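The lines below spell out each chain.
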Protein chains: 2
Amino acid sequence: MSNKPKVSNAIIRRLPRYRRYLGHLQTRGVRKVSSNELSEMIGYTASQIRQDLNTFGEFGQQGYGYEVDKLYKEINKILGLDREYKTVVVGVGNLGQAITNYTYYYKIGFNIMGLFDINPKIIGNWINDVEVMDCAELEEYVRRENIDIGIICVNRENAQDVADKLVAGGVRGIWNFAPIDLVVPSDVALESVHLSDSLHALSFMIKSKSEQAAEK
Amino acid sequence: MSNKPKVSNAIIRRLPRYRRYLGHLQTRGVRKVSSNELSEMIGYTASQIRQDLNTFGEFGQQGYGYEVDKLYKEINKILGLDREYKTVVVGVGNLGQAITNYTYYYKIGFNIMGLFDINPKIIGNWINDVEVMDCAELEEYVRRENIDIGIICVNRENAQDVADKLVAGGVRGIWNFAPIDLVVPSDVALESVHLSDSLHALSFMIKSKSEQAAEK
């Protein structure tokens, strides 16, 4: 039995946001921040913020607030960002290249060790010092190099097959950009970026705002 | 005053998911679905699903369930997807091209009318029958062509400037991929895809799963 507090999906979504804003504060040289100030910045209520952060321990002091550096480091630990991850990108089209450049440019601890594609015209190319290899070698490479995370940037039709190979090779997590809900074993973490969901949420907000304007 | 029910941010996130799964059911020729069956597929509780859908009217019948086609169409309407949107993409690097290809390939009602960049080597190129124009023309183009949505795929440093031009030109919504929290007027809808937040949530899930495994 685990003694750890059960962490809701909603908190998992909020923690990276806290981290991002604390990072902004660090950059500006701010040392202390209250839950009210965080609330102003992030848009969650102060009590929500206190409750979230209390889930993981006592970081703040009443009437004093939070130490920015300390809280930032603690959230990094909670998120598992106090280590580096070995990753591969599968599908080196525009999106795969964009993700590769993004992780390379911002040096965020998710090191891309290998790139994979099925297109013979791309295989053998180099992007940011990483070679594009044949997808046929994916599973063996993942196993041999102890890859932690597979990033799937192939199309909908091939995504589950790629996920199966990544899982067979032993990855611990998959970051999926294909517009499909993948099936993976329960011990493998799966995070999907569903671009269409995001676009549809935008559409809804546009509609709501124009209805509000019409009612005024 | 509005008589519309106030819709929480959480529902806005769930509705596109309902739509996606209903789309899968349609593809498979399924005509009816119960909240329990939806719950099995989507992972929300059946009562959550009934409550969400009741927010917008009475779509289901007790003991009968939901008509898939009808509910799909209704959710489309609620999301504002029963119309098409004119969009522009600003920043035609890998990510901008990936988004352009994505919207083109999946024909999802967000029609890209113009592409914009500041790089003279790219300006004048054509991608999927759309010309890449100079960012200097962005505001005027948005105004003249009544563009609804601007998609920002430039880097962090230029994103707010691009957003200001889009807003000045009269867009109603912005889909932002730059890793920054943009500031826009309250009548403009803003949806940001924060890739780092998603990656950090994945990291957290990997950590949690390995801790669970260690405790067994």
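For every chain, the first residue of the written sequence is number 1, and numbering continues from 1 along that sequence. Labels follow written order: the first chain is A, the first ligand is 1, and so on. It should be noted that, the model being predicted, local features are given only for residues of pLDDT at least 70 and side-chain atom pairs only at 80 or more, the latter also being counted only at that level, while totals for whole chains, interfaces and linings use all residues. Side-chain metrics in this entry use all non-hydrogen atoms of the structure; hydrogen atoms and water are not considered.

Peer 1: What is the right way to look at the pattern of salt bridges in this model?
Peer 2: When their charged atoms lie close together, side chains carrying opposite charge are able to pair. All names here are of chain A. Any carboxyl oxygen of Asp or Glu that lies within 4 Å of a side-chain nitrogen of Lys or Arg is treated as forming a salt bridge with it. In total, this model carries 24 salt bridges over all chains according to the counting rule given. One salt bridge connects aspartate 148 with arginine 83, and the closest N-O pair in it is separated by 3.1 Å. Here arginine 83 lies in the loop between helix H4 (68-79) and strand E3 (85-90) and aspartate 148 lies in the loop between helix H6 (138-144) and strand E7 (149-152), a separation of 65 residues in the sequence. With a shortest N-O distance of 3.5 Å, glutamate 211 and lysine 207 are connected by a salt bridge. On the criterion of helical spacing, the pair formed by glutamate 211 and lysine 207 is a turn pair, its members being four residues apart in helix H8 (residues 195-215). Put simply, Glu139, Glu140, Arg143, Arg144 and Glu145 are held in one network by salt bridges that share partners. Secondary structure elements are defined from DSSP: runs of H or I of at least 4 residues count as helices, runs of E of at least 2 residues count as strands, and each element is numbered from the N terminus.

Peer 1: Would you take a moment to explain the pairing of strand E9 (residues 189-192) of chain A for this structure?
Peer 2: Side-chain direction in a regular strand flips from residue to residue, so the side chains alternate between the two faces of the sheet. All names here are of chain A. Judged by which residues are buried, E9 turns out to be one-sided: Ala189 and Glu191 face inward and are buried, whereas Leu190 and Ser192, on the alternate face, are not. Here a strand pair is declared whenever DSSP counts at least two bridges between the two strands. Examined bridge by bridge, strand E8 (residues 173-176) and E9 share four bridges and lie parallel to one another. Within E9, the position partnered with tryptophan 175 by the bridge is glutamate 191. Note on classification: 1.4 Å probe, protein chains only; a residue is buried when its accessible area is under 20% of the maximum for its type, exposed when over 50%, partly exposed between these limits.

Peer 1: Looking at this model, I keep getting lost on the sheet that holds E3(A). Mind explaining?
Peer 2: Within a sheet, neighbouring strands are paired by backbone hydrogen bonds and run either parallel or antiparallel to one another. The strand order across the open sheet formed by seven strands is E5-E6-E4-E3-E7-E8-E9 (chain A), and the pairing between neighbours is mixed. The sheet terminates laterally at strand E5 (126-127) and E9 of chain A, the two strands that pair on one side only. Note that E3(A) and strand E4 (residues 110-117) of chain A share six bridges and pair parallel. Following the sheet pairing, Val88(A) is matched in E4(A) by Gly114(A). Helix H8 (residues 195-215) of chain B rests against E3, E4, E7, E8 and E9 of chain A of the sheet, and its axis sits at about 165° to E9(A). Contacts are assigned to residue pairs with any non-hydrogen atoms lying within 4.5 Å of each other. All axes here are fitted lines through C-alpha atoms, helices being fitted over the stretch that makes contact, and every angle between N-to-C directions spans 0 to 180 degrees.

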